Amino acid sequence: MRKHHVTWSVLAAFMIVGLLLSGCAGVSKASEDPGAGSADSEGVEEPTVEVEPKDYGVPADDANIINPIAADDGSLQRGEEIYSSSCVKCHGEEGRGDGSVGAILDPKPVDFRAEHVKELSDGELFYITTHGVEGSGMLAFTFFEEEDRWHLVNYMRTFQE
Ligand code: HEC
């Protein structure tokens with residue numbers, strides 16, 4: 001029984017990675033239907049979905065690490081580049097957790113503007129990006145250079161401004 005369970009999660013992980021790598025053109029086209037509420041998305045200040053605060057269990061030492069990379073134009077540009085290729089399908093164009101793949105996950109990624117995410121330190125965002133979140137579709141992105149993971153942190157902050 002246990003073995004069966006493990007095999008299933010491994011399969012699920014492969015499926016998710018497969019979806020990402022294939023670019024899932026069909027799926028993302030469908031969800032980008034211009035009729036689907038994009039018109040009034042501008043100017044919306046508050047997160048669209050209420051979420052329970054979540055403890056991501058980041059060790060204090062990691063949470064307190066100071067972001068070594070200034071959020072200048074170069075950093076944000078690099079962050080956006082990686083976000084667009086590797087995060088947007090789940091987290092959505094504006095970090096609202098409404099990417100085409102994110103929408104079919106359980107748990108779903110939350111809106112980066114949710115209060116408990118705003119309150120995360122840079123160190124915590126960095127840790128989550130590096131280690132993923134166990135039991136969810138959030139992968140450990142260790143294959144990005146450390147510096148790139150900080151660029152991602154800087155870019156994620158722009159959603160919260
Ligand atoms: C396969 C889908 C998927 C991809 C790709 C993905 N994430 Fe996530 N991410 C999630 C899910 C699902 C959660 C929520 C986990 C939970 O709450 O248990 C999450 C959570 C997070 C969180 C904590 C805030 C939140 O939404 O709960 C951060 C920060 C984060 N991801 C950053 C990133 C970054 C940066 C990238 C790209 C390098 C990325 N993620 C790519 C699915 C994904």
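Above this text sits the structure in question.
Residues numbered from 1 in each chain as written. Predicted model: local features only at pLDDT ≥ 70, side-chain atom pairs only at ≥ 80, totals over all residues.

Draft legend 1. Structural detail: the site of the ligand. Residues in close proximity to the ligand total 26 residues, the closest being C87, C90, P109, S136 and M138. Breaking the shell around the ligand down by element, the ones donating at least two residues are α1 (2–21), α5 (88–91) and α7 (122–131). Among the residues making up the shell around the ligand, the classes are represented as 16 nonpolar, seven polar and three charged. (Near = placed C-beta within 6 Å. Helix = DSSP H or I, 4+ residues; strand = E, 2+ residues; numbered from the N terminus. Nonpolar A, V, L, I, M, F, W, Y, C, P; charged D, E, K, R; others polar.)

Draft legend 2. Just the packing of helix α4 (residues 73–86) against helix α8 (residues 146–158), in detail. Where α4 meets α8, the closest approach of the two axes is 7 Å, and the angle between their N-to-C directions is 90°. As summarised for this structure, α4 and α8 are arranged roughly perpendicular, according to the angle between their axes. On α8, the residues that touch S75, L76, R78, G79, E80, I82 and Y83 of α4 are D148, H151, L152, N154, Y155 and T158. Here the contact of α4 with α8 is composed, by residue class, of five nonpolar, five polar and three charged. (Axes fitted to C-alpha atoms, helices over the stretch in contact; angles between N-to-C directions. Parallel < 35°, antiparallel > 145°, perpendicular 65-115°, else oblique. Contact = placed C-beta atoms within 7 Å.)

Draft legend 3. Fine view of the nonpolar core. Counting 19 residues, the largest nonpolar core has V117, L125, F126, L152, V153 and M156 as the members making the most contacts within it. The dominant element in this core, judged by the number of residues it contributes, is α8, at five residues. (Core = buried A, V, L, I, M, F, W, Y, C linked by C-beta atoms within 7 Å. Buried ≥ 20, exposed ≤ 12 C-beta atoms within 10 Å, placed from the backbone.)

Draft legend 4. Molecular detail of the environment of D55. When you line up the elements, D55 lands in the loop between α2 (25–31) and α3 (60–63). A residue is classified by how many C-beta atoms lie within 10 Å of it, and D55, with 6 of them, is exposed. With 61 residues separating them along the chain, D55 and H116 place their C-alpha atoms 8.7 Å apart.

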